[in-house]
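# Analysis of the macromolecular model
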Amino acid sequence: MKSYLIASVAGVLLAAGTTQAAFFSFASDSADHAWTFRGNGAAINQGTGANDPLILHIDDNNGLAPALNVSVSFVANYSLTFVGSTPLPGGAQALSYAANGSFTYTDIASGVTLLTTTFSNALFSTRASPNNFWATTATLQVDDGLGAAVSMMWGGANLPQYGLAPGALNGSPRGFAFTLTALNSSGAIPYAGQNPGVAIDPVSRLPTSQWFSEGSYSASANVIPTPGALALAGIGGSMFFRRRRTA
């Protein structure tokens, strides 16, 4: 299994310039022996650790600096409130929920919490069958604004080439999206398609039992640079050094 060690190095990545934005992402099933999400009723949560890390990708908004890959633990806690439904062709319905909560990414090698995101009034949506079952896919998405709020805090090293400095990522745009796939009420590992979908209460439209899913993630954020941050961009940076350990 791969892990990544973060270290500050003066003068590194100088040629990358002073881009002030970052993309964050992880691919579905990068933690290949664990479900990304689990939930029950209104609550959705997950916690992955050193034995089931995710690989968080950090990019400079499609700029010149190389993408950084960090082995992280992922903790998510958020809740759903049913908002409404829209009929779809064929008898299915599109269900919409307001989601409120937070999630964090912690560098496994150093123990530093790199990114903390808190949000309110995000949109969670999925399809449902006439017999009150969620389908096997869903999304969670939000932008800061339009009645929603997204707060992102960077706790890692100063990375001016990626628009990252310790503290709030206070620029715009600022938002994220998760895709959920293979929703099921089995939770079996390995998974062979047992119990696909999720039964929901016909009144609250919330799940009636524990469920599990895979997930992927993408986000964009940037920091409004200060004079001090711009000065640092010319003299230093950071690099992620990769090492290997046995599983």
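One structure accompanies this document, and this report is about it. These numbers come from a predicted model, not from an experiment.

Thresholds, definitions, all that
Counting of residues starts from 1 at the beginning of each chain's written sequence and follows it residue by residue. Given that the model is predicted, a residue must reach a pLDDT of at least 70 before its local features are reported, and side-chain atom pairs must reach 80 or more before they are shown or counted; all residues, however, enter totals for whole chains, interfaces and linings. Side-chain calculation: all heavy atoms of the structure are included, whereas hydrogens and water are not. Helix and strand definitions follow DSSP, with helices as H or I runs of at least four residues and strands as E runs of at least two, each counted in order from the N terminus. The classification of residues rests on relative accessible area computed with a 1.4 Å probe and restricted to protein chains. Under 20% of the type maximum is buried, over 50% is exposed, and intermediate values are partly exposed. Residues count as neighbours in contact if any of their non-hydrogen atoms are within 4.5 Å of one another. The accessible surface values rely on the Shrake-Rupley method and a 1.4 Å probe; as for residues, cover is taken only from the protein chains in view. In short, DSSP must find at least two bridges between two strands for them to pair. In summary, the pairing rule links any two rings of Phe, Tyr or Trp, Trp by its six-membered ring, whose centres are within 6.5 Å, and it sorts them by plane angle into stacked for under 30 degrees, edge-to-face for over 60 and tilted for everything else. Each nonpolar core is a collection of buried residues, namely Ala, Val, Leu, Ile, Met, Phe, Trp, Tyr and Cys, held together in the definition by side-chain atoms within 4.5 Å. A 3.5 Å cut-off defines polar contacts: any pair of N or O atoms within that distance qualifies, except that in protein one atom must be a possible hydrogen donor and the other a possible acceptor, and neighbouring residues in sequence count only when both atoms are side-chain atoms.

## Notes on the overall build of the protein chain
The helix and strand tally for the protein chain stands at one helix and 15 strands. Within the protein chain, the proportion of its 247 residues that are buried is 44%. Considering only contacts in the protein chain between residues 6 or more positions apart, those separated by 24 or more positions represent 72%. Summed over its atoms, the accessible surface of the protein chain is roughly 10800 Å², and 58% of this surface lies on carbon and sulfur atoms.

## Re unusual backbone geometry
Most peptide bonds take the trans configuration, and most residues that are not glycine carry a negative phi. I189 connects to P190 through a cis peptide bond whose omega is 0°. Despite not being glycine, N61 shows a phi value in the positive range, around 60°. Position of N61 among the secondary structure elements: in the loop between β5 (54–59) and β6 (68–87). The phi angle at L146 is positive, at roughly 55°, despite the residue not being glycine.

## Thoughts on the pairing of strand β4 (residues 43–47)
Covered by surrounding structure in β4 are I44 and Q46 only, the residues A43, N45 and G47 on the alternate face being uncovered. Note that strand β3 (residues 37–40) and β4 share three bridges and pair antiparallel. Bridge pairing links N40 to A43 in β4. Linkage of β3 to β4, two consecutive antiparallel strands, is achieved through a turn of two residues, within which G41 is found at a positive phi near 60°.

## Concerning the environment of E214
Relative to the elements of secondary structure, E214 occurs in strand β14 (residues 211–221). By relative accessible area, E214 is classed as buried at 10%. A sequence separation of 32 residues divides E214 from A182, and the C-alpha atoms of the two residues are 6.0 Å apart. Beyond its immediate chain neighbours, meaning those up to four positions away, E214 contacts S28, D29, A34, W35, T36, F37, T179, L180 and T181.

## Quick word on the environment of N51
Here N51 is to be found in the loop between β4 and β5. On the basis of relative accessible area, N51 is assigned to the exposed category, the value being 63%. N51 sits 17 residues away from A34 along the chain, and the two C-alpha atoms are 9.3 Å apart.

## Observations concerning the pairing of β5
Counting buried positions over the six residues of β5 gives five, a clear majority of the element. In this structure, strand β2 (residues 22–26) lies alongside β5, joined through three bridges in antiparallel fashion. Paired with S25 across the two strands is H57, which belongs to β5. Taken together, the five bridges between β5 and β6 define a ladder with antiparallel strand orientation. Considered in β6, the bridge of L54 is made with V72.

## Quick look at the packing of aromatic side chains
All chains considered together, the criterion is met by 28 aromatic pairs. When the ring of W35 is compared with that of F212, the centres are 6.4 Å apart and the planes differ by 40°; the resulting orientation is tilted. Here W35 is found in the loop between β2 and β3, whereas its partner F212 is found in strand β14, with 177 residues between them in sequence. For W35, a relative accessible area of 6% puts it in the buried group. Each ring, one from Y105 and one from Y217, has its centre 5.3 Å from the other, and the planes form 45°; the classification is tilted.

## Overview of the nonpolar core
Grouped together as the largest cluster of nonpolar side chains are 50 residues, with contacts concentrated most on F24, Y105, F124, W134, F176, F178 and Y217. Among the elements that line this core, the one with the most residues is β6, at seven residues. Setting aside anything within four residues of it in sequence, one finds F24 in contact with L56, H57, I58, L115, W154, L164, L169, Y217, S218, A219 and A221.

## Regarding the side chain of T36
Along the chain, T36 turns up in the loop between β2 and β3. Polar contacts involving the side chain of T36 include one to the main-chain amide nitrogen of G215, which spans 3.1 Å. The residues touching T36, leaving out its near neighbours within four places in the chain, are F26, Q46, F74, S213, E214 and G215.

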